Amino acid sequence: MVRWFHVIALLLVMTALSHGEGDSSSVVASVLPGQPAPEFTLNSQAGEPVSLKDYRGHWVVLYFYPKDFSKGCTIEAHNFQRDSLQYRKADAVLLGVSMDSEKSHLEFCAKEALGFKLLADTAGTVSEMYGSVKEWEEHKISVRNTFLINPEGTVVRMFIGVKPIEHSAEVLAALAELQKK
């Protein structure tokens, strides 16, 4: 069964590439459904270390995004915030990751009234581990990919090159479907 997850994930990546939703530098299937989610520790907007293993026993929505304060990233964050009660009811934790600094994340959370953790991946290490990096204007940024991780720490769903407006609803629907099983 795990092999089918791999095949489906690779087909999704290839479809995204062929429809211009990514490029070879932004979509690398380094983490696939059925595999353990790579462990990491990054600082949150509050300057506190956050480790993926801290959320074992809970669902995790690990979403990568390019830049604090940009239009698409603000829309995506607002929609996750709008739906945060539904995520809590589903025992799911929201973790946003970009290559912005802790200070930038703190200002973004304050300005946009975000109540979930944004993690500073300033070196891009975690974004690279999850195949969520691309070159942009002579530097690297995180790309808009999301990984749904089950309470056991396994990636069960990935969303590549997401559209910010509908993404939170899409993740909630996938989460509900997976929790029925």
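Whatever comes next refers back to the structure up there.
J.: Can you break down the sheet that holds strand 2 (residues 49-51) residue by residue, with the values?
T.: The strand order 2-1-5-4-3-8-9 describes an open sheet built from seven strands, whose pairing is mixed. Each having just a single partner strand, strand 2 and strand 9 (155-159) make up the two edges of the open sheet. Averaged over all pairs of adjacent strands, the angle between strand axes in this sheet comes to 30°, irrespective of strand direction. Where strand 8 (residues 146-149) meets strand 9, four bridges bridge the pair, whose relative direction is antiparallel. Directly across from Leu148, in strand 9, lies its bridge partner Arg157. Lying on the sheet, helix 2 (residues 71-82) is in contact with strand 3 (59-64), strand 4 (92-98) and strand 8; it crosses strand 3 at an angle near 165°. Here helix 6 (residues 164-180) sits on the sheet in contact with strand 3, strand 4, strand 8 and strand 9, set at roughly 155° to strand 9.

J.: Summarise unusual backbone geometry; cite the residues concerned and give the values.
T.: Within the chain, Ala113 stands out as a residue other than glycine whose phi angle is a positive 55°. Inspection of the secondary structure assignment puts Ala113 in the loop between helix 4 (102-112) and strand 5 (117-120). Here the phi dihedral of Glu137 falls at roughly 45°; this positive angle occurs in a residue that is not glycine. Looking at the secondary structure, you find Glu137 in the loop between strand 6 (133-136) and strand 7 (139-142). For Glu137, a relative accessible area of 59% translates into the label exposed.

J.: Go over the nonpolar core with me, naming the residues and quoting the values.
T.: Core analysis: the biggest nonpolar cluster contains 25 residues, and Tyr87, Phe116, Leu118 and Leu148 have the highest contact counts within it. At the level of elements, strand 3, helix 2, strand 4, helix 4, strand 9 and helix 6 are the ones that each hand at least two residues to this core. Element by element, the count of residues in this core is highest for helix 6, at five residues. With near-sequence residues (within four places) excluded, Leu118 lies in contact with Asn43, Ser44, Gln45, Tyr63, Tyr65, Asp68, Gly96, His105, Phe108 and Cys109.

J.: Run through the packing of aromatic side chains, naming residues and quoting values.
T.: As enumerated under the stated definition, the model contains ten aromatic pairs in all. Arranged with centres 4.5 Å apart and planes meeting at 40°, the rings of Tyr63 and Phe80 form a pair that is tilted. Here Tyr63, found in strand 3, pairs with Phe80, found in helix 2; they are 17 residues apart in sequence, far enough to count as distant. In textbook terms, an aromatic cluster arises when at least three aromatic residues are bridged by ring pairs, as seen for Tyr63, Tyr65, Phe69, Phe80, Tyr87, Phe108 and Phe116.

J.: Tell me about the packing of helix 2 against helix 6, and please be specific about residues and values.
T.: The geometry of helix 2 relative to helix 6 is characterised by a closest axis approach of 8 Å and an angle of 30° between their N-to-C directions. Relative to helix 6, the element helix 2 is oriented roughly parallel. The handedness of the crossing between helix 2 and helix 6 comes out as right-handed. Facing helix 2, whose interface residues are Gly72, Ile75, Glu76, Asn79, Phe80 and Arg82, helix 6 presents Pro164, Ile165, His167 and Ser168. Split into classes, the residues belonging to the contact of helix 2 with helix 6 amount to four nonpolar, four polar and two charged.

J.: Residues and numbers for empty space enclosed by the protein, please.
T.: Scanning the entire structure with this criterion turns up one cavity of 30 Å³ or more. Of the pockets and cavities examined, the largest cavity occupies roughly 30 Å³. For the largest cavity, the full set of lining residues is Leu52, Tyr55, Arg56, His58, Val60, Ile149, Asn150, Pro151 and Gly153. Here the residues of the lining of the largest cavity are counted per class, giving five nonpolar, three polar and one charged.

J.: Explain helix 4 to me, and be specific about the residues and the numbers.
T.: Note: α-helices contain 3.6 residues per turn, so residues at a spacing of three or four share the same orientation. Taken as a whole, helix 4 has its buried residues at Ser104, His105, Phe108, Cys109 and Glu112. The buried residues of helix 4 occupy an angular sector of 130° when the element is viewed end-on, so they sit on one face. Away from its buried face, by an angle of more than 90 degrees, helix 4 presents the exposed residues Lys103, Ala110 and Lys111. Next to the buried residues of helix 4 lie helix 2, strand 4 and strand 5. A positive backbone phi angle near 55° is found at Ala113, which sits one or two residues after helix 4.

Reading guide: rules and limits
Residues numbered from 1 in each chain as written. Predicted model: local features only at pLDDT ≥ 70, side-chain atom pairs only at ≥ 80, totals over all residues. Heavy atoms only, no water. Pairing = 2+ DSSP bridges. Helix = DSSP H or I, 4+ residues; strand = E, 2+ residues; numbered from the N terminus. Axes fitted to C-alpha atoms, helices over the stretch in contact; angles between N-to-C directions. Contact = heavy atoms within 4.5 Å. Buried < 20%, exposed > 50% of the residue type's maximum accessible area, 1.4 Å probe, protein only. Core = buried A, V, L, I, M, F, W, Y, C linked by side-chain atoms within 4.5 Å. Phe/Tyr/Trp six-rings, centres within 6.5 Å; stacked < 30°, edge-to-face > 60°. Parallel < 35°, antiparallel > 145°, perpendicular 65-115°, else oblique. Left-handed = near helix turned anticlockwise from the far one by under 90°. Nonpolar A, V, L, I, M, F, W, Y, C, P; charged D, E, K, R; others polar. 1 Å grid on protein atoms, 1.4 Å probe; cavity = no way out; pocket = protein on both sides within 12 Å on 5 of 7 lines; lining within 4 Å. Points joined across faces, edges and corners; volume = space filled by probe spheres on them. Arc of directions from axis to C-beta.

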